[in-house]
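Descriptive structure summary
These are the residues of each chain, in order.
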Protein chains: 2
Amino acid sequence: MKIGIIGGTGDIGEGMALRLSPLFEVIVGSRNSEKAIETSVCCSDTLHSRNVKCSCSGTTNADAVLNADVIILAVPWKNLTETVRSLPDFGDKIVVSPVNPMEKRDHFVFVPPDEGSVALYLKRILPPEARLVVAFNTIAANRWKAIDEELRYSVPVCGDDLEAKSIVSDIVNSTSALKAYDAGPLAASCMVESLTPLLLNIARYNKMRDVGLRFV
Amino acid sequence: MKIGIIGGTGDIGEGMALRLSPLFEVIVGSRNSEKAIETSVCCSDTLHSRNVKCSCSGTTNADAVLNADVIILAVPWKNLTETVRSLPDFGDKIVVSPVNPMEKRDHFVFVPPDEGSVALYLKRILPPEARLVVAFNTIAANRWKAIDEELRYSVPVCGDDLEAKSIVSDIVNSTSALKAYDAGPLAASCMVESLTPLLLNIARYNKMRDVGLRFV
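Owing to the predicted nature of the structure, the values given are computational and were not obtained by experimental measurement. (Residues numbered from 1 in each chain as written. Chains lettered and ligands numbered in written order. Predicted model: local features only at pLDDT ≥ 70, side-chain atom pairs only at ≥ 80, totals over all residues. Heavy atoms only, no water.)

A few points about the packing of helix α1 (residues 11-20) of chain A against helix α2 (residues 33-48) of chain A
When two helices pack together, their arrangement is given by the angle between the helix axes and the distance between those axes. Residue and element names in this part refer to chain A. The following threshold applies: Angles shown run from 0 to 180 degrees and are taken between the N-to-C directions of axes, each axis being a line fitted to C-alpha atoms and, for helices, limited to the stretch in contact. Every helix listed is a DSSP run of H or I at least four residues long, and every strand listed is a run of E at least two residues long, numbered separately from the N terminus. By definition in this entry, angles of less than 35 degrees are roughly parallel, angles greater than 145 are roughly antiparallel, angles of 65 to 115 are roughly perpendicular, and the rest are oblique. By convention, the crossing between two helices is left-handed when the near helix turns anticlockwise from the far helix through less than a right angle, and right-handed when the turn is clockwise. Every residue pair with non-hydrogen atoms within 4.5 Å of one another is taken to be in contact. Basically, the charged four are Asp, Glu, Lys and Arg, the nonpolar ten are Ala, Val, Leu, Ile, Met, Phe, Trp, Tyr, Cys and Pro, and anything else, Gly included, counts as polar.
Packing of α1 against α2 leaves a shortest axis separation of 10 Å and a crossing angle of 45 degrees. Here α1 lies oblique to α2, going by the angle between them. As α1 packs across α2, the resulting crossing turns out to be right-handed. Each of E14, A17 and L18 in α1 lies in contact with α2, whose residues at this interface are T39, C43, T46 and L47. A breakdown of the residues in the contact of α1 with α2 according to their chemical character gives 4 nonpolar, 2 polar and 1 charged.

Quick look at the structure:
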């Protein structure tokens, strides 16, 4: 399976490439294809130096969409609309949103769009064939990148297309020690997207780093 | 310290009495004082049969407020306004809200009041002296009551009064294996109150029971 990471040269995207490219064909996308190639080479070098085989290439965001089966929108909320508008038609590909609508004020605040969540906003602006799934919202960039450590977190997954949700859950469950949990339809996604500002507040007020969560 | 549990004959209230009365003087409150006395006797009997010493009495909700230092509003959201209006002035006592604004539709939905959270609603309707703290939102009634098992959960705690937040965090940390985490001011409480409908969805869609959470 080919996984395209839009915004793949960002902090989260880089970490995702490191974790997913030993398992899947990863296509790192970026507005700047040279940066994407640089990230993909760096990812491959890091893994090869640990004797880990991987498949990682770099290209434009648009080519990543065209060539991948599953597209992860590893883009901050503030850039999401512009980025999505710059991309070719997703067709009926699986689109994964790990995007959290939040702002940093004196604490982190959950600030969803009028639709109630980023996922419901995407559902409105994407063509109806696109198979949207919410996943990977709560894993900190530093944890993605710390590839010598297992990711022992729970990952809530939302979606209306049950097959797409199942495929994405399989990707989650293949990745390190992550465990996917069905969190219901896209209509329930606001409760998933508000986890990350909560975790950032927990980190901040308790002097912790990269807090994640586990359902028990 | 005297802890009054308003709605103490409900599922959550009963479980809280069982867990807290070995540690604190618990006053179970109810609209119906006879029911409150019955619950308190049942709680004491259950603990005494395990050779656990406890302090648990039952009375009206109003007397529980008057006699306690810390008041826990163990009341469902739909009854909260009516219950709070029926109570005497809290003065500058500590008031703990574990209340989550949610509805069961085809999935559990977070439906906060216009203020953004139950805590912010309470802040508006309570006298300014009341020292409001959000805590204990995510622990299922069955887990409270299963007193032969430890509660190994994380408990996010919100509040604007730092001393009150610290006192409530100490109560949390004294209770079984619960661990309190500062989740910021009351303005950040919507992210705590939306956890419970998420956990109920996780339980429902993954065929689990009484799902809790841990920050890791």
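Right, picking up where we left off after that structure.
Things to note about the interface of chain B and chain A
Selection criterion: Summed over both partners, the accessible area lost on bringing two parts together, with a 1.4 Å probe, is the buried area. Salt-bridge detection follows one rule: a side-chain nitrogen of Lys or Arg within 4 Å of a carboxyl oxygen of Asp or Glu. Any pair of nitrogen or oxygen atoms within 3.5 Å is treated as a polar contact; in protein, a donor-acceptor pairing is required on top of that, and neighbouring residues in sequence qualify only through side-chain atoms on both sides.
Counting residues at the interface gives 33 residues for chain B and 33 residues for chain A. Across the chain B to chain A interface the summed buried area is about 2,500 Å²; carbon plus sulfur atoms make up 71%. Summed over the shared surface of chain B and chain A, the number is 0 salt bridges. On inspection of chain B and its partner chain A, the count reaches 6 residue pairs in polar contact (both at pLDDT 80 or more). Of all the elements in the fold, those that place two or more residues in the side of chain B that touches chain A are β7 (108-110), β10 (179-182), α8 (190-193), α9 (195-205) and β11 (213-215) of chain B. Across the side of chain B that touches chain A, the residue classes break down as 23 nonpolar, 6 polar and 4 charged.

Structural notes on the pairing of strand β4 (residues 70-73) of chain A
All names here are of chain A. Rules: Only protein chains enter the accessibility calculation, which uses a 1.4 Å probe. A residue is then buried if its area is under 20% of the maximum for its type, exposed if over 50%, and partly exposed in between. Pairing between two strands is assigned when DSSP locates at least 2 bridges connecting them. Seen with the strands pointing away from the viewer, any crossover whose path from the first strand over the helix to the second strand runs clockwise is right-handed.
Burial of β4 is two-sided: the residues V70 and I72 facing one way and the residues I71 and L73 facing the other way are all buried. Across 4 bridges, the pairing between strand β1 (residues 2-6) and β4 is parallel. Opposite G4, over in β4, you have I71 as the bridge partner. In terms of strand pairing, β4 meets strand β5 (residues 94-97) through 3 bridges, oriented parallel. From the neighbouring strand, V70 faces β5, where its bridge partner is I94. Assessed by its sense of winding, the connection that carries the chain from β4 through helix α4 (residues 77-85) to β5 is right-handed.

Some details on the sheet that holds β4(A)
Residues and elements named next belong to chain A. As summarised here, the arrangement of the 8 strands in space is β3-β2-β1-β4-β5-β8-β9-β10, forming an open sheet in which the pairing is mixed. Two strands close off the open sheet at either side, each with one partner strand: β3 (55-60) and β10 (179-182). In this sheet, adjacent strand axes meet at a mean angle of 25 degrees when their direction is disregarded. Where strand β2 (residues 25-30) lies against β3, 6 bridges are found, and the strand directions are parallel. Each residue of the ladder has a partner; that of V26, found in β3, is C56. The strands that helix α5 (residues 118-125) touches are β4, β5 and β8 (131-134); relative to β8, the one it contacts most, it runs at about 170 degrees.

Here we look at the layout of surface pockets
Convention followed: The rule is simple: put a 1 Å grid over the protein atoms alone, call a set of points where a 1.4 Å probe fits but cannot get out a cavity, call an open set with protein on both sides within 12 Å along at least five of seven lines a pocket, and count a residue as lining if it has an atom within 4 Å of a point. Grid points are joined across faces, edges and corners, and a volume is the space filled by probe spheres set on the points.
Its boundaries defined by the atoms lining it, the largest pocket holds a volume of some 1,000 Å³. Looking at the largest pocket, it is lined by 38 residues, and the ones nearest its centre are I12(B), A74(B), V75(B), P76(B) and W77(B). Elements that contribute at least two residues to the lining of the largest pocket include exactly α1 (11-20), α4 (77-85) and α9 of chain B. Of the residues forming the lining of the largest pocket, the biggest block, 5 residues, is contributed by α4(B). By volume, the second largest pocket amounts to about 700 Å³. Around the second largest pocket, the lining is made up of 31 residues, and of these I12(A), N100(A), M102(A), A141(A) and T196(A) lie nearest the centre. Taken together, the elements giving at least two residues each to the lining of the second largest pocket come down to α1, α6 (141-145) and α9 (195-205) of chain A. Per-element accounting of the lining of the second largest pocket gives the leading share, 5 residues, to α9(A). Residue classes in the lining of the second largest pocket are distributed as 19 nonpolar, 8 polar and 4 charged.

Details of the packing of α4(A) against α5(A)
Residues and elements named next belong to chain A. Here α4 crosses α5 at 10 degrees, and the two axes come no closer than 12 Å. Judged by the inter-axis angle, α4 sits roughly parallel to α5. As for how α4 packs across α5, the hand of that crossing is right-handed. Counted together, W77, L80, T81 and V84 of α4 and V118, Y121, L122 and I125 of α5 form the full contact between these two elements. A per-class count over the contact of α4 with α5 returns 7 nonpolar, 1 polar and no charged.

Remarks on the packing of aromatic side chains
All names here are of chain B. This is how the line gets drawn: Ring geometry is summarised as follows: Phe, Tyr and Trp rings, the Trp one being its six-membered ring, pair when their centres sit within 6.5 Å, and such pairs are stacked at plane angles under 30 degrees, edge-to-face over 60 and tilted between the two.
This structure, assessed with the given rule, holds 6 aromatic pairs over all chains. Aromatic side chains W77 and Y121 sit 5.4 Å apart centroid to centroid with 85 degrees between the ring planes, which places their arrangement in the edge-to-face category. Residue W77 is located in helix α4, and its partner Y121 is located in helix α5 (residues 118-125); the two are separated by 44 residues in the primary sequence. The buried category is assigned to Y121, whose relative accessible area is 9%.

Looking at unusual backbone geometry
Residue and element names in this part refer to chain A. One non-glycine residue with positive phi stands out, namely F136, at about 65 degrees. Its location among the elements puts F136 in the loop between β8 and α6. A positive phi angle is found at S176, which is not glycine, with a value near 45 degrees. For S176, the location among the structural elements is in the loop between α7 (162-174) and β10.

Focus: the pattern of salt bridges
Residues and elements named next belong to chain A. Counted by the stated rule, this structure contains 22 salt bridges over all chains. Across the pair E103 and R105 runs a salt bridge whose closest N-O atoms are separated by 2.9 Å. With relative accessibility at 47%, the residue R105 sits in the partly exposed group. Connected through salt bridges with shared partners, the residues D11, E14 and K145 form a single ionic network.

That's the geometry; what it means functionally is another story.
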